[in-house]
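Take a look at the letters that make up each chain.
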Amino acid sequence: MITQIYSIQTAKEAIDCINAGADRIGVLVGPKDGPFPCAISEETALEIFTAIGDKAVKVLISVQDNERDIIAQTKKLQPDVLHLCANFEGSPEFRKKLYEYLPQVKLMEAVGVTGEESINDAIRKSEFADILILDSVSTTVPGVGAAGVTHDWSIDREIVNRVPIPVILAGGLGPDNVEEAIRAVNPFGVDSLTKTSVKENGKLLYKDIELVRQFCERAKNAAKN
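Residues numbered from 1 in each chain as written. Predicted model: local features only at pLDDT ≥ 70, side-chain atom pairs only at ≥ 80, totals over all residues. Heavy atoms only, no water.

Description of the overall build of the chain
Tallying secondary structure elements over the chain gives eight helices and 11 strands in all. Taking 2.2 N^0.38 as the reference for a compact globule, 225 residues should give roughly 17 Å; the C-alpha atoms of the chain span a radius of gyration of 16 Å, in line with that estimate. The buried share among the 225 residues of the chain stands at 52%. For the chain, restricting intrachain contacts to residue pairs at least 6 apart in sequence, the fraction spanning at least 24 positions comes to 58%. With an accessible surface of roughly 9900 Å², the chain has 47% of that area assigned to carbon and sulfur atoms. Each charge sign in the chain was given a centre, from 25 positive and 33 negative side chains, and these centres are 4 Å apart. (Helix = DSSP H or I, 4+ residues; strand = E, 2+ residues; numbered from the N terminus. Rg over C-alpha atoms; globule rule 2.2 N^0.38 Å. Buried < 20%, exposed > 50% of the residue type's maximum accessible area, 1.4 Å probe, protein only. Contact = heavy atoms within 4.5 Å. Areas by Shrake-Rupley, 256 points an atom, 1.4 Å probe, with all protein chains shown as cover. Lys, Arg positive; Asp, Glu negative; His and termini not counted. Charge placed at Lys NZ, Arg CZ, Asp CG, Glu CD.)

As for the packing of helix 7 (residues 178–185) against helix 8 (residues 209–224)
In helix packing, the relevant descriptors are the interaxial angle and the interaxial distance, both defined with respect to the helix axes. Viewed as axis vectors pointing N to C, helix 7 and helix 8 meet at an angle of 35°, and their least axial separation amounts to 8 Å. Considering the relative orientation of helix 7 and helix 8, their crossing is right-handed. Between helix 7 and helix 8, the contacting residues are Val178, Glu179 and Ile182 on the first element and Phe215, Arg218, Ala219 and Ala222 on the second. For the contact of helix 7 with helix 8, the per-class residue count stands at five nonpolar, no polar and two charged. (Axes fitted to C-alpha atoms, helices over the stretch in contact; angles between N-to-C directions. Left-handed = near helix turned anticlockwise from the far one by under 90°. Nonpolar A, V, L, I, M, F, W, Y, C, P; charged D, E, K, R; others polar.)

Quick word on the confidence of the model for the chain
Considering every residue of the chain, the mean pLDDT works out to 92; 95% of them sit at 70 or more. Of all helices and strands in the chain, the one with the weakest mean pLDDT is strand 11 (residues 203–207) (88), whereas helix 1 (residues 11–19) scores best (98). (pLDDT = per-residue confidence, 0-100.)

Focus on the packing of helix 3 (residues 67–77) against helix 4 (residues 92–101)
Two numbers describe how helix 3 lies on helix 4: the axes approach to 11 Å, and their chain directions differ by 30°. Between helix 3 and helix 4, the angle is such that the two are roughly parallel. Read as a crossing pair, helix 3 and helix 4 show a hand that is right-handed. Packed against helix 3, whose contacting residues are Glu67, Ile70, Ile71, Thr74 and Lys75, the element helix 4 presents Phe94, Lys97, Leu98 and Tyr101 at the interface. Residue classes in the contact of helix 3 with helix 4 are distributed as five nonpolar, one polar and three charged. (Parallel < 35°, antiparallel > 145°, perpendicular 65-115°, else oblique.)

Here we look at the nonpolar core
Among the nonpolar cores identified, the biggest contains 54 residues, and Ile25, Leu82 and Leu132 are the most heavily contacted of them. The element contributing the most residues to this core is helix 8, with five residues. Formed by 19 residues, the second largest nonpolar core is a distinct cluster that contains Ile2, Cys38, Ala39 and Ile133. (Core = buried A, V, L, I, M, F, W, Y, C linked by side-chain atoms within 4.5 Å.)

As for the pairing of strand 4 (residues 57–62)
Buried residues dominate strand 4, accounting for five of its six residues. Looking at chain direction, strand 2 (residues 24–29) and strand 4 are connected through six bridges and run parallel. Across the sheet, the residue bridging to Arg24 is Val57, located in strand 4. Handedness of the crossover joining strand 4 and strand 5 (residues 81–84) through helix 3 is recorded here as right-handed. (Pairing = 2+ DSSP bridges. Right-handed = clockwise from strand over helix to strand, strands pointing away.)

Observations regarding helix 8
Over its 16 residues, helix 8 extends 23 Å from the first C-alpha to the last, a length consistent with the 22 Å expected when each residue adds 1.5 Å. Residues of helix 8 that are buried include every one of Val212, Phe215, Cys216, Ala219 and Ala222, and no others. Each buried residue of helix 8 sits inside an arc of 135° when the element is viewed along its axis, so together they form one side. (Expected span 1.5 Å × (residues − 1). Arc of directions from axis to C-beta.)

Re unusual backbone geometry
Excluding glycine, most residues fall at negative phi; most peptide bonds, likewise, are trans. With an omega of -25°, the peptide bond between Tyr6 and Ser7 qualifies as cis. Mapped onto the elements of the fold, Ser7 is located in the loop between strand 1 (2–5) and helix 1. Phi at Cys38 is positive, roughly 60°, even though this residue is not glycine. Among the structural elements, Cys38 can be located in the loop between strand 2 and strand 3 (39–40). Backbone geometry places Asn186, a non-glycine residue, at a positive phi of 55°.

Here is the structure:
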């Protein structure tokens, strides 16, 4: 059971999360005054990825809106995984072009779980993606994710059973419910943003490392039982 922690904003925070048990570290590169929580610059993302090295899997959440800029950003930052969840959706053609330039980078596509129609969306994306991440859809943040709420896990379980690639479960997961979620869905991995962050006036500020530790420990223990 892999554990993925979003959205990291400093190199120290990344290393603290890894020491707390995180297997994958995600950063969102975008404008600080934009609609995405915990957005950082390309320069900060590069510092974080350099500090991580091979200690964890490095995930880039790109919110660029076109193929050219996404590939250029991925070339610059050299993540292990490119996560598309906002202003651009991948395709077989995009995957082919990404792999021409960056064959070592895996493509992770987000599926917004809003109802049974999400099953077909997941099956379609599984034909060209390397990984799927199943997430809730926010009413305030564009794209898929950062909603801080759960969705229907029975749909996730159906997707896990029907697609041939690894599936990461996200959406309102924290230490309080990650074990239940794993038992319900049996995913490849679990992801946490909102419930392992310190919040003030509804804004995510930084990671709560103790909550990260609890999330990772409970996820890995649930997978053993």
